[in-house]
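Structural overview for review
Chain by chain, the residues run as shown.
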Amino acid sequence: SVLMAKSSKNWIRISASPQLTAGTSVVNNAVDLSAYVDPLHSLAFRIQTVSMTLMENDVPYGLCDQTEAGSNTPYALQMATGTQDAILRPSDGKVIYHMFGKTFNDADAGNNIIRVEWKVTDIWPDGYVAVVDTLTVSAQTEASLGANYRYAWTLSGYQEKVSSNQLASLLVAQTA
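Residues numbered from 1 in each chain as written. Predicted model: local features only at pLDDT ≥ 70, side-chain atom pairs only at ≥ 80, totals over all residues. Heavy atoms only, no water.

**A short note on the overall build of the chain**
Defined as follows: By the criteria applied, helices consist of DSSP H or I runs no shorter than four residues and strands consist of E runs no shorter than two, each listed in order from the N terminus. Burial status follows relative accessibility: with a 1.4 Å probe on protein chains alone, a residue under 20% of its type maximum counts as buried, one over 50% as exposed, and anything between as partly exposed. Method for areas: the Shrake-Rupley scheme with a 1.4 Å probe, in which residue coverage is limited to the protein chains shown.
Within the chain, the secondary structure is distributed over two helices and 10 strands. For the chain, the sequential pattern of α-helices and β-strands runs β-β-β-β-β-β-β-α-β-β-β-α. Residues counted as buried form 39% of the 176 residues belonging to the chain. Of the accessible surface of the chain, which amounts to about 9,600 Å², a share of 52% is contributed by carbon and sulfur atoms.

Okay, here's the thing in structure tokens:
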């Protein structure tokens, strides 16, 4: 007979679509994990997936469609632990997810978006074990897209117990 293991993971999904303001300054959105992270009881939140995109407010299917002639707008979307005020380098140990892309308009080829995405499991093969209660979701563009855009994001994961040694090293890495 074969024994079947019962999964005890309670998957949690968190999402939002904050407004991307006009201009080129970084726009940050805080994610509160305090309901899922408890360092005093060695409880962490293992993030398995993150997805982010730019979307227009007034287009129901959400496509980032930059249509101005000659537009050429690089942008970055990122999720990292702690309270951040800038886009971090993807190599920073606090980065959970990083995506960058460029919108451009070509008279012959139409509007295009090129994007490169580093998923959670590309950077952290077994998921990201968060032990701090704040994440920062950031968006920044090199040229203003105006005030008609949002940066939508979603993350999923589950709460798990970690050893005291693992907790100590994770706290140092995520709060330094």
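**A few points about helix α2 (residues 164-175)**
Applied cut-off: Between the first and last residue of a helix there are one fewer steps than residues, each counted as 1.5 Å, and that sum is the expected span. Throughout, the arc means that of the directions going from the helix axis to the C-beta atoms. Contacts are residue-level and defined by heavy atoms, with any inter-residue pair within 4.5 Å sufficient.
Taking 1.5 Å of rise per residue, 12 residues should cover 16 Å, and α2 covers 16 Å from first to last C-alpha, within 8% of that figure. Buried residues of α2: Leu 167, Leu 170 and Gln 174, and no others. Buried residues of α2, viewed axially, fall in a sector of 70°; they line one side. Set apart from the buried face of α2 by more than 90 degrees, the exposed residues are Ser 164, Asn 165 and Val 172. As for α2, its buried residues are in contact with β5 (72-81) and β8 (128-130).

**With respect to the pattern of salt bridges**
The condition is simple: By salt bridge we mean one thing: a side-chain nitrogen of Lys or Arg within 4 Å of a carboxyl oxygen of Asp or Glu.
Scanning the model with the defined rule gives three salt bridges in all. Of the charged contacts, one joins Arg 115 and Glu 117 as a salt bridge, the two residues approaching to 3.4 Å between their closest N and O atoms.

**Some details on the packing of aromatic side chains**
Selection criterion: Aromatic rings from Phe, Tyr and Trp, with only the six-membered ring used for Trp, were paired whenever their centres fell within 6.5 Å, and each pair was classed as stacked if the ring planes differed by under 30 degrees, edge-to-face if by over 60, and tilted otherwise.
Using the criterion set out here, one finds four aromatic pairs in the structure. When the centroid spacing of 5.4 Å and the interplanar angle of 35° are considered together, the rings of Tyr 36 and Phe 45 count as tilted. A residue is classified by how much of its surface remains accessible, and Phe 45, at 0% relative accessible area, is buried.

**Thoughts on the nonpolar core**
Just so we agree on the cut-off: Here, the term nonpolar core denotes a set of buried Ala, Val, Leu, Ile, Met, Phe, Trp, Tyr and Cys residues that are joined through side-chain atoms within 4.5 Å.
The biggest cluster of nonpolar side chains holds 29 residues, and the ones touching the most others in it are Ile 47, Val 50, Met 79, Tyr 151 and Leu 155. Secondary structure elements with two or more residues in this core: β1 (11-16), β3 (27-32), β4 (43-56), β5, β6 (95-106), β8, β9 (134-141) and β10 (149-161). Looking at this core, the element that brings in the most residues is β4, giving five residues. Core analysis: the next-biggest nonpolar cluster, separate from the first, contains six residues, Ala 44, Val 129, Val 131 and Leu 170 among them.

**Re the side chain of Arg 46**
Convention followed: Whenever two N or O atoms come within 3.5 Å, that pair is a polar contact, provided that in protein one can donate a hydrogen and the other can accept it, and provided that, for residues adjacent in sequence, both atoms are side-chain atoms.
Position of Arg 46 among the secondary structure elements: in strand β4. A distance of 2.7 Å separates the side chain of Arg 46 from the backbone oxygen of Asp 126, its partner in a polar contact. Setting aside chain neighbours within four positions, we find Arg 46 in contact with Asp 126, Gly 127, Tyr 128, Val 129, Ser 156, Gly 157, Tyr 158 and Glu 160.

**A word on a nonpolar patch on the surface**
The following threshold applies: Patch membership is restricted to residues that have no salt bridge and whose relative accessible area is over 30%. Joining uses 9 Å for like charges and 5 Å for the nonpolar side chains Val, Leu, Ile, Met, Phe, Trp and Tyr.
Residues Phe 100, Val 116 and Trp 118 make up a contiguous nonpolar surface patch of roughly 240 Å² in combined accessible area. Within the secondary structure layout, Phe 100 lies in strand β6.

**Here we look at unusual backbone geometry**
At Ser 42, a position not held by glycine, the phi torsion is positive, near 55°. With respect to the helices and strands, Ser 42 occurs in the loop between β3 and β4.

**Re the side chain of Thr 81**
As for its position among the elements, Thr 81 is in strand β5. Classification of Thr 81 as buried rests on a relative accessible area of 0%. Ignoring any residue separated from it by four or fewer positions in sequence, one finds Thr 81 in contact with Lys 94, Ile 96, Tyr 128, Val 132, Thr 134, Leu 135 and Gln 174.

None of this, on its own, says anything about what the molecule does.
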